[in-house]
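Topology and contacts: notes
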Amino acid sequence: MTDAILFIMNFIGIAAFSVSGALIAISSHLDLFGVLFIGCITSFGGGIVRDICLGSFPPRIFFNAEEVLLSISVSLAVFIISYINAKHFKSLSEKIDRINNWFDAVGLAVFSITGTEIAFDMGYDGSFLLSVVMGMITGVGGGIIRDVLTLKEPYVLHKRIYAMASISGCVLYFILESCFDAKLISSFISMSLIIAIRLLATKFRWKLPKIKI
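Structural notes, computed from the coordinates.

What counts as what
Residues numbered from 1 in each chain as written. Predicted model: local features only at pLDDT ≥ 70, side-chain atom pairs only at ≥ 80, totals over all residues. Heavy atoms only, no water. Salt bridge = Lys/Arg side-chain N within 4 Å of Asp/Glu carboxyl O. Buried < 20%, exposed > 50% of the residue type's maximum accessible area, 1.4 Å probe, protein only. Helix = DSSP H or I, 4+ residues; strand = E, 2+ residues; numbered from the N terminus. Phe/Tyr/Trp six-rings, centres within 6.5 Å; stacked < 30°, edge-to-face > 60°.

If you walk through the whole model with that rule in mind, you get 6 salt bridges. Note that R60 and D51 form a salt bridge whose closest N and O atoms lie 3.5 Å from each other. Taking relative accessible area as the criterion, R60 reaches 33% and is therefore assigned partly exposed. Using a relative accessible area of 1% as the deciding quantity, one classes D51 as buried. The residue D104 makes a salt bridge to R146 at a minimum N-O spacing of 3.8 Å. Linking D104 in helix α5 (residues 93–124) with R146 in helix α6 (residues 128–149), this pair joins segments that are 42 residues apart in sequence.

Laid out in structure tokens, this is it:
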């Protein structure tokens, strides 16, 4: 039952990041292939980097064709809907940004905790730093690659406490799972924390300190 729920949550995360990536690709005026590619790289880029760091070759996504097909299908649906409503795309930019923020928050939460779980499953449950960093990379890595490919300053480096939300959730998951060994409850509590921080940071415009030069 636990594995089934986590499997469903993983699919939700893939769909969420695919929507997020596709919307940014469309706003960057990429063609159909570009939208599909950015949707996929947003979903799987962090996981690929994580697997390389953990020595898992080839990365596990290449053995999960159904997940890639899901990302492509979702990205294609976003492209078609946006194509039909192209005249209103710019006028709806603020609404689209809010929708994208929700999807991005869900994707960040799911993939951050999934990345930490995978580190646990590979026998690194005793390494706090490794587990947390692998979770963060899984959560934010795809978004960084997406932003670089669409010629944007990586979102994670300057807006809305993005990486810190991921780290906070991964730290909480590590503590809960280490103390209670209750994967499902630990996952949902930790994902809820990440989503809450992301949405509150957006609503109240929380930002980390910067040096203004």
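Applying the stated criterion to the full structure yields 8 aromatic pairs. A ring pair is formed by F33 and F37, whose centres lie 6.0 Å apart and whose planes are at 20°; its orientation type is stacked. Linking F33 with F37, this pair stays in helix α2 (residues 32–53), spanning 4 residues, or about one helical turn. F37 sits in the partly exposed class, given a relative accessible area of 40%. Here the aromatic rings of F120 and F174 are separated by 5.5 Å at their centres, their planes lie at 75°, and the arrangement is edge-to-face. You can see F120 sitting in helix α5 and its partner F174 sitting in helix α7 (residues 162–180), a full 54 residues away along the chain.

Purely geometric stuff here, so don't read any function into it on its own.
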